[in-house]
Amino acid sequence: MSADFDVLIVGAGLSGIGAGYHLQTNCPDRSYAILEGRDCIGGTWDLFRYPGIRSDSDMYTLGYSFRPWTEAKAIADGASILNYVRETASLYGIDKKIRFNSRVVRADWSSADSQWTVEIERGPEKAIERLTCNFLFMCSGYYKYEHGYTPDFPGLADFAGRVVHPQQWTDDIDYKGKKVVVIGSGATAVTLVPEMAKTADHVTMLQRSPTYVVARPDKDKVADWLRARLPAKLAYGITRWKNVLFGMYFYRLCKRDPERVKNLILGGVRHALGPDYDIATHFTPRYKPWDQRLCLVPNGDLFESLRSGKSSVVTDQIETFTPGGIKLKSGQVLDADVVVTATGLDLQVLGGLALSVDGAPVDLSKTMNYKGLMYSGVPNLAAAFGYTNASWTLKCDLTCEYVCRTLNYMKANNYAQCTPRQNDPTVTEMPWVDFSSGYVQRAVEKFPKQGSRRPWRLYQNYALDIVSLKFGSMTDEAIEYLPRRQATASVGSDAKPARRVAQTR
């Protein structure tokens, strides 16, 4: 039974466009299509349109390994990143492979046919279409596009002004000359505050607890020097590795000597805001550095805004909304015309996709993550998921290369199925990701687990992943390959099929 495509990629954002490039470059004999639920390329970078939207990673590592980032700013605005993704899709002809307004809702695996049947809702009328493929590559991110997370604030219905979540930002939101309260202390909040403060009467960042905030120039002087003297790709590669190695060093330092790093970060904030600012209350978190993601402020724009008096930080808890603003548990009242709830994302696994294998529904929370990209007991499926402690694209590029290596290994050895199997009783379950951020903790039980050791352990380490995903063996005790004829013969039989599990070399 012939499939419609060898590979279906789900999502036409940063990850999906990268997946298309790797697939057509490394597996040029495979047919593929990209299914995109919206009507345009860009994913996150098209969806989010709030003021000041930008990367919180440098573009030399957030950019693709195969296409140099050549613009001046290392910390780029959202429009520049969106243009980079769309230009990449056009440059390599990937845009011609995209089927827009095609929301994937279900995928059913058949061992008899060695293929997925993917159910798609097409357009606003949600007409059902079905496509088949041998391999399914999920590049749909990890949060719901329909809405973000907003707590159930008391008295919210009484507020006379406008309330908006950054994920639903629209062009008609007017905050010029108005009093604004931004609820939150994460990356979105520290981006919004200085940008909105440029034209608002005043912006207050209201936080329950502080986050580590680090200032960094939006341009990379070393990158500029290299780019002026070397070919673009070489300069990009050197800068990329410089930033990767520094990021790895800093992360390890955070884990090895958190007090030292804490003092360094707070020293930077104190230098930016002056000795009289209440750093202990407003910028000293209760957790250690990198227990949650650090917040980056390019050129110290947040600190500059606070110094100017155009914005301020209040650390307190909400008692209730009032018609004119927000009453806090301390008794303080914040006047507001506009409230922005920068309160996080609503996470979901594989875009909310419903999965089944040979008619049996798959609960992904009961699976274990193989090498950070496949799931135990689920054949011929991989998902792109980036690092929590470094740029998203670093891991996604490696994931794409590994998927291509898998496809080529299967073809060379006449295999039709590739399934991770967790049959080692000595491997214990661990949470999907070790992060204390609220948006992660709210959803962590929905996600697959990781294991206590390889190949089930997620090390969040780019160097280790290069060894494993780019150069490592395609065979180990946890991966099962089956040829089509053997998979077909085993269907409907009570006998356990002979497993073709190649041992580690």
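Presented here is an overview of the structure given in this document. (Residues numbered from 1 in each chain as written. Predicted model: local features only at pLDDT ≥ 70, side-chain atom pairs only at ≥ 80, totals over all residues. Heavy atoms only, no water.)

1. Things to note about the packing of helix α5 (residues 187-196) against helix α10 (residues 301-308)
Move 1: Taken N-terminus to C-terminus, the directions of α5 and α10 make an angle of 50°; their axes are 9 Å apart at the nearest point. The pairing of α5 with α10 is recorded here as oblique in orientation. Classified by chirality, the crossing of α10 by α5 is left-handed. Mapping the contact onto sequence places Val 190, Val 193 and Pro 194 in α5 and Asp 301, Leu 302 and Ser 305 in α10.
Move 2: Here the contact of α5 with α10 is built from residues that sort into four nonpolar, one polar and one charged. (Axes fitted to C-alpha atoms, helices over the stretch in contact; angles between N-to-C directions. Helix = DSSP H or I, 4+ residues; strand = E, 2+ residues; numbered from the N terminus. Parallel < 35°, antiparallel > 145°, perpendicular 65-115°, else oblique. Left-handed = near helix turned anticlockwise from the far one by under 90°. Contact = heavy atoms within 4.5 Å. Nonpolar A, V, L, I, M, F, W, Y, C, P; charged D, E, K, R; others polar.)

2. A closer look at the side chain of Asp 316
Move 1: Turning to its location among the elements, Asp 316 is positioned in the loop between β12 (311-315) and β13 (318-322).
Move 2: Put simply, Asp 316 is tucked away with no salt bridge, and the nearest opposite charge, on Lys 329, sits 7.9 Å away.
Move 3: Side chain to side chain, Asp 316 and Ser 330 meet in a polar contact 2.4 Å long. (Buried < 20%, exposed > 50% of the residue type's maximum accessible area, 1.4 Å probe, protein only. Lys, Arg positive; Asp, Glu negative; His and termini not counted. Salt bridge = Lys/Arg side-chain N within 4 Å of Asp/Glu carboxyl O. Polar contact = N/O pair within 3.5 Å; in protein donor to acceptor, adjacent residues only side chain to side chain.)

3. Observations concerning helix α8 (residues 258-273)
Move 1: Look at α8: 22 Å from first C-alpha to last across 16 residues, which is about the 22 Å you get at 1.5 Å a residue.
Move 2: Among the residues of α8, Pro 258, Val 261, Lys 262, Ile 265, Leu 266, Val 269, Ala 272 and Leu 273 are the ones counted as buried. Buried residues of α8, viewed axially, fall in a sector of 125°; they line one side. For α8, the exposed residues lying more than 90 degrees away from the buried face are Leu 264 and His 271.
Move 3: Buried residues along α8 sit against β10 (213-216), α7 (232-256), α9 (279-282) and α10.
Move 4: Immediately beyond the C-terminal end of α8, within one or two residues, lies Gly 274, with a positive phi of roughly 95°. (Expected span 1.5 Å × (residues − 1). Arc of directions from axis to C-beta.)

4. A few points about the sheet that holds strand β9 (residues 202-207)
Move 1: Strands sit in the order β7-β16-β8-β9-β12 across an open sheet of five strands; the sheet is parallel. The outermost strands of the open sheet, each flanked by one partner alone, are β7 (162-164) and β12. Neighbour-to-neighbour, the strand axes of this sheet turn through a mean angle of 20°, independent of strand direction.
Move 2: Examined bridge by bridge, strand β8 (residues 179-183) and β9 share five bridges and lie parallel to one another. Bridge pairing in β9 places Val 182 opposite Met 205. (Pairing = 2+ DSSP bridges.)

5. Thoughts on empty space enclosed by the protein
To find the voids left in a structure, one rolls a probe of water-molecule size over its atoms.
Move 1: If you walk through the whole model with that rule in mind, you get three cavities of 30 Å³ or more.
Move 2: Empty space within the largest cavity amounts to approximately 220 Å³.
Move 3: If you go around the largest cavity, you meet 24 residues; those closest to its centre are Asn 369, Gly 372, Tyr 375, Phe 385 and Trp 432.
Move 4: Along the lines of polarity and charge, the residues of the lining of the largest cavity split into 16 nonpolar, seven polar and one charged.
Move 5: Taken as a whole, the second largest cavity spans an internal volume of roughly 40 Å³. (1 Å grid on protein atoms, 1.4 Å probe; cavity = no way out; pocket = protein on both sides within 12 Å on 5 of 7 lines; lining within 4 Å. Points joined across faces, edges and corners; volume = space filled by probe spheres on them.)

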